[in-house]
Every structure is written in C-alpha cells, then in structure tokens.
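Fold and contact review
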Amino acid sequence: MVTTSDPLIGLAAGHLTGPLVRALGLPRPRALRRETGPYRGDELHGRRLVLAAMPGGHAGQSARGLLQALGASLVMETELASDATARVDIAVFDATGCREVASLAQLRTFFAPLLRRLAPCAKLLLLAPCPLDAARISPEAAAAAQGIEGFVRSLAKELGRSHAATVNALQVPAATVGGLLGPLRFFCSSRSAYVSGRILRLEAGLGVPAAPDFPTVPGRLRERLAVVTGAARGLGAATAERLAEEGARVLCIDVPSAESHLRELARRIQGDALSLDITSAAAPTVLCDWLRQHPGMAVDVLVHNAGITRDRSLFKMSEAEWSQVLAVNLQAILAIDGALDQADLLAPGAREICLSSISGIAGNAGQTNYAASKSALIGYVAARSTLLASRGATINAVAPGFIETDMTRQIPWFIREAGRRLNALSQGGQPRDVAEAVAFLALPESGAVRGQTLRVCGQALMGA
Ligand code: NAD
C-alpha cells in the first residue's frame, strides 16, 4: 500500500535541519503517535491520566472507572504540584454538569494549568451536555453547552501545532453513560491521532448496556463478516487490514481491473476477494448471492468505501463526469443497502460505515459532483440510522480530510502541500487513521454513536 511520506516531519525534528525549518518560517509538523494491532484490554497501559468534574456532572465517575480499567494511571493533583517534571498523557473533564454560563470558567481553571504538563500527542477530552436538548433545558444551559464546542475547537487549534495533541468532546446525556466505553477508548488513545476538534453525540437506547460489555481479549470482531468496497488499495485496503486485525473475516470488493491487488490483499488478511463493479446493475444480486453461498454469512460490518473523483468546474463538466461520480459514490450504496435489506442479509447489531469527505461538508471548487455525492451520504446516514436502530444496527459516516494515498498523490504539488498543511496538525493523515475511525464505529461497544459523521482531518480549516 502506497503512503506518501511527509519529509517535513523528519526535517522539523532533525537537530541540524529543525532550526532551519524554523528560520524559514515553515510549518513544523510533529510525528503523531499511532497504535498498531488490535485493541488491547489494557489499551491505555502506562498513560498518565488527569480527570476532574464540574459539580453536578454525571459521567466523570464512569469515565474514571473505564479509563483505569483500560490501564491508565490516575495522576493526583498533589503529584503534579510536587513534581515539576510530571507529564500528562490524557486529560478528561466532565462538564456534563455545565448548566450556567458562569460555569464555563471552570474549563479554563482545569485546562490552563495543565497545558505546560502535556506530553507530546496528549489526548484531551471533554464530556459535555448536548445543546440539542434545548427543548428540555433552559436557554442559558443551551448556551453553556454550545460554548463548550467553541472552547474545544479553539483549544484543539492551539495544541495541534505545539503538542500534536488532540482535543475532542463527547456529548453524554445521562441515559447514555453506559455507552461510553468505545468512544472513550477511541478518543483517549492514539487510535484517534488525526481526529481533533470533533464533537460526537452519544445516543440512548440501542447498544447502550447498563454496564459496559468490557472486552478483555483482543479481536472484538472474531467470527464476524466485514464487507469493504474499493478494498484493492488506499483507504479501503487499510480498512480491510484493520478490521482483519480485530478478527473479522473480510470480503474485499473492487473492480475487475484491480483483481490482482485485491486477491493479494485477501490472501494476506485471510479474507475473500470478489471482483465486482458496484455500479453494475447486477452488483447487489451478486453480493447477495455470494452471501447466500456462504451459509451463516450475514454482514456484520459494511464499509461503503469505493469512491471516485472526476473534478472539473461545473461549467465544463460533462454529463458522464457527473453521473459516474454519483453512480459510484452514492447510487451504488443505496442499491446495495436496498438489496441487503430486502434479503435480510444485514446481521442483527450490524455496523454500517459510509466514506464521505470534508468536501461534502465544506464544498470544493471543481467538485460539485463529488461534494454532492459525499454530502448526500451525510443526510443518508442520519436518516437510515433510524431505520437500522429498529434492528439493533447502526450507520455512521467517516469524512476524511487530506489523507496520503494514491488519490491525493495525483494532486499537483502546490495544491497538495496546501491540503496537507491547512489543518491543526500541519500534516496529512495516513490511511491507518481513517481505518482506525472505521474500526471504532464497527465495534460492538460503539453502539451509542449513530447517524453521525466523524471527520478524520486533523481539524482541517476547510469547513471547520
Ligand atoms: P482510491 O482511489 O485510492 O481507492 C478507491 C478504490 O475504489 C479503488 O481501489 C477503486 O478501484 C475502487 N473503486 C472505484 N470504483 C469502483 C467501483 N465502481 N466498484 C468497485 N470498486 C471501485 O481512493 P482512496 O483515497 O482510498 O479513497 C477511499 C474513499 O475515501 C473514497 O470514497 C474517497 O472518496 C474517500 N475520501 C478519500 C480522501 C483522501 O484523502 N484519500 C479524502 C476524502 C474522502
């Protein structure tokens, strides 16, 4: 799998070259810490955690228990006060009790003194109330809840460049505390290395057990079938590999012209290869037939990853350029989902993930076709989520920003360099970063995240 390396990361870190990079006023991206292999029971082993809560918060105690069970060690305030060299890897603040505008000051009181103590690539997470609950909360409480979002996004921009740290928030209504495990583990570990400035809402009901289903053995997707389209290369290949690491049997799909790469990948991850153009009229039937020929094989994880671009200004765009993009990126997904629904081939509790794009959020000149298709997916997952919930399943979208793949390697150098640098971490993401976000949403313990779009973009300025 091709991933373009970023020479500036090495130059900025070099003893001789670092000062030169600084003197030239170039961005100085720092290497991001990333994990390898499947989630471990002690995923946060050795990470030093600071955690505090606003009065009246309902999530801090559960979060502390879960993070310690994952191996994080709690650092006491006294230790920080007495040891000037003590560093913090994870800082969690339970702001679910934030109902008054004056309480926002506690964000500053908690985080400001910690900033000098942060280890490189530290993970900061706020547990927050949801402003969308405005019908049930006072205007002041809604204002306070919304204020947290601005704080998160701004602190993420401050700490991305200086510390390669990320800052995110989870909106946790009281009834959803049981669903914290998957999201907490993702945002407090290096699995979310390229995810920053994001606010994710947890939903009550489906997939939110009274007590978290705590994984003790690696390989959470064992004996589950994952289907990944566009798996021969790029983000699809990285995703297939990542899901296989979690134990899934992966059915890798791509166009016939990519067959040799597809077979090689399937062999490597002990999965299956299916050469199929997903836009062909027969594609949904071919997939359903494949599943029926493999008894017991309903789809547990479905990743609609295949996508194409045909960039051109609308003025010059041909009908074919428009329709090809819409066909691959959108219509094929609807057709496959429709066939799987009709044949009842989505397993109970299935997880579906669509690859959107920040172009679909912010728009991009020359991409009216692509952005329309990727934006449509955001609406699609929000609406289909309700339908799937009745079957105990979830659907979400992942919206990558600039990721180092074959697709972005084709972009002219100047535009590519701008795409790479215009984010809080001053660098492009790796395919693995997108695969980690997909794996997070694919796991059983992420059932409280539904109908949402998770950006994996290093907090790109585009559509921020
Ligand atoms: P890529 O071009 O490297 O890979 C896409 C794969 O999809 C290819 O293997 C291709 O053969 C396959 N494919 C295309 N049409 C198909 C069809 N009709 N049937 C079956 N397979 C088909 O792209 P990528 O960079 O890995 O992107 C993967 C997804 O992520 C796409 O949906 C893309 O729009 C989205 N995305 C990527 C980026 C990025 O920076 N790379 C950013 C935002 C969104």
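What you see is a predicted model, and the numbers here were worked out from it, not measured in a lab.

This part covers the site of the ligand. Residues in contact with the ligand amount to 27 residues; listed here are only the nearest, R233, L235, D254, N305 and Y370. At a separation of 2.7 Å, an oxygen atom of the ligand approaches a polar side-chain atom of R233. Interatomic distance of 2.7 Å between a backbone N/O atom of N305 and an oxygen atom of the ligand. Here the ligand, which alone exposes 820 Å², has 93% of that area covered by the protein.

Working note: α-helix, 3.6 residues per turn, so residues spaced by three or four point in the same direction. Across its twelve residues, helix 16 (residues 431–442) extends 16 Å between first and last C-alpha, which sits within 8% of the 16 Å expected from 1.5 Å per residue. Considered for burial, the residues of helix 16 that qualify are P431, D433, V434, A435, E436, A437, V438, A439, F440, L441 and A442.

Looking now at the domain arrangement of the chain. Note on interface size: it is often stated as the accessible area lost on association of the parts. Looking at the assigned domains, one finds that the chain contains domain 1 (31–201) and domain 2 (225–456). The centre of domain 1, based on its C-alpha atoms, is set 29 Å off from the matching centre of domain 2. The interface of domain 1 with domain 2 comprises 27 residues on the first partner and 28 residues on the second. The junction of domain 1 with domain 2 conceals about 2,400 Å² of combined surface from both sides, 58% of it contributed by carbon and sulfur atoms. As a salt-bridge pair, R34 and D433 come within 2.7 Å of each other at their nearest N and O atoms. Linking domain 1 to domain 2 there are 13 residue pairs in polar contact (both at pLDDT 80 or more).

Right, let's talk about the sheet that holds strand 5 (residues 166–171) for a bit. Spatial ordering of the open sheet is given by 2-1-3-4-5-6, a layout of six strands whose pairing is parallel. With one partner strand each, in any of the chains shown, strand 2 (73–74) and strand 6 (199–201) form the two edges of the open sheet. Judged from the three bridges that link them, strand 5 and strand 6 form a sheet pairing that is parallel. Across the sheet, Q171 pairs through a bridge with R201, a residue of strand 6. Its contacts with the sheet put helix 7 (residues 181–188) on strand 3 (88–94), strand 4 (118–128), strand 5 and strand 6, and the angle it makes with strand 4 is roughly 150 degrees.

A separate point is unusual backbone geometry. Positive phi is not limited to glycine here, since E223 has a value of about 60 degrees. Following the sequence through the fold, E223 ends up in the loop between strand 6 and strand 7 (225–229). We note that Q270 has phi near 55 degrees; this positive angle belongs to a residue other than glycine. Locating Q270 in the fold gives a position in the loop between helix 9 (259–268) and strand 9 (272–275).

Our focus in this paragraph is the packing of helix 7 against helix 16. Running from N to C, helix 7 and helix 16 cross one another at 165 degrees; their axes reach a closest spacing of 10 Å. The orientation of helix 7 with respect to helix 16, classified from their angle, is roughly antiparallel. Crossing hand, helix 7 versus helix 16: right-handed. Packed against helix 7, whose contacting residues are G182, P183 and F186, the element helix 16 presents E436, A437 and F440 at the interface.

Pairing in this open sheet of seven strands is parallel, and the strands run 9-8-7-10-11-12-13 from one edge to the other. Looking at the sheet topology across the chains shown, the edges are occupied by strand 9 and strand 13 (453–456). Each adjacent strand pair in this sheet contributes to an overall mean axis angle of 20 degrees, direction not counted. Running over the sheet, helix 8 (residues 234–245) touches strand 7, strand 8 (249–254), strand 10 (299–304), strand 11 (346–355) and strand 12 (394–400) and is turned about 170 degrees from strand 7.

General note: in soluble globular proteins, nonpolar side chains tend to be found buried as a group. In terms of nonpolar packing, the biggest core is built from 68 residues, with L127, L180, L243 and V250 touching the most fellow members. Considering each element in turn, this core owes the most residues, seven residues, to helix 16. When we break this core down by domain, the ones giving at least three residues each are domain 1 (31–201) and domain 2 (225–456). One finds V328, C354, Y370 and A397 within the second-largest nonpolar core, a separate group that totals 38 residues.

On to the packing of aromatic side chains, then. Per the counting criterion, the structure on display carries seven aromatic pairs. Relative to F110, the ring of F93 has its centre 4.8 Å away and its plane inclined at 20 degrees; by these criteria the two rings are stacked. Of this pair, F93 sits in strand 3 while F110 sits in helix 5 (residues 105–114), placing them 17 residues apart in sequence. Arranged with centres 4.7 Å apart and planes meeting at 80 degrees, the rings of F110 and F111 form a pair that is edge-to-face. Pairwise contacts between aromatic rings join F93, F110, F111 and F151 into one cluster. Its guanidinium or amino end placed over the ring of Y39, R185 lies 4.0 Å from that ring's centre, counting from NZ or CZ. Across from the ring centre of Y39, 5.5 Å away, lies the NZ or CZ of R242, which sits over that ring.

Let us look at a nonpolar patch on the surface. Taken together, the side chains of W413, F414 and I415 define a hydrophobic patch exposed on the protein surface, amounting to about 410 Å² of accessible area. Positionally, F414 belongs in helix 15 (residues 413–421).

What follows is about the pairing of strand 11. For strand 11, the buried fraction is high: eight of the ten residues fall into the buried class. With five bridges joining them, strand 10 and strand 11 adopt parallel strand pairing. What sits directly across from H304, in strand 11, is C354. Viewed along the sheet, the connection from strand 10 through helix 11 (residues 319–342) into strand 11 turns out right-handed. Sheet analysis places strand 11 next to strand 12, joined by five bridges and oriented parallel. Among the inter-strand pairings, R351 is bridged to a residue of strand 12, identified as T394.

Rules of the game
Residues numbered from 1 in each chain as written. Predicted model: local features only at pLDDT ≥ 70, side-chain atom pairs only at ≥ 80, totals over all residues. Heavy atoms only, no water. Near = heavy atom within 4 Å. Polar contact = N/O pair within 3.5 Å; in protein donor to acceptor, adjacent residues only side chain to side chain. Areas by Shrake-Rupley, 256 points an atom, 1.4 Å probe, with all protein chains shown as cover. Helix = DSSP H or I, 4+ residues; strand = E, 2+ residues; numbered from the N terminus. Expected span 1.5 Å × (residues − 1). Buried < 20%, exposed > 50% of the residue type's maximum accessible area, 1.4 Å probe, protein only. Domains from an automatic or database assignment. Contact = heavy atoms within 4.5 Å. Buried area = accessible area lost by both parts, 1.4 Å probe. Salt bridge = Lys/Arg side-chain N within 4 Å of Asp/Glu carboxyl O. Pairing = 2+ DSSP bridges. Axes fitted to C-alpha atoms, helices over the stretch in contact; angles between N-to-C directions. Parallel < 35°, antiparallel > 145°, perpendicular 65-115°, else oblique. Left-handed = near helix turned anticlockwise from the far one by under 90°. Core = buried A, V, L, I, M, F, W, Y, C linked by side-chain atoms within 4.5 Å. Phe/Tyr/Trp six-rings, centres within 6.5 Å; stacked < 30°, edge-to-face > 60°. Lys NZ or Arg CZ within 6 Å of the ring centre and 35° of its normal. Patch = residues over 30% accessible without salt bridge, like charges linked within 9 Å, V, L, I, M, F, W, Y side chains within 5 Å. Right-handed = clockwise from strand over helix to strand, strands pointing away.

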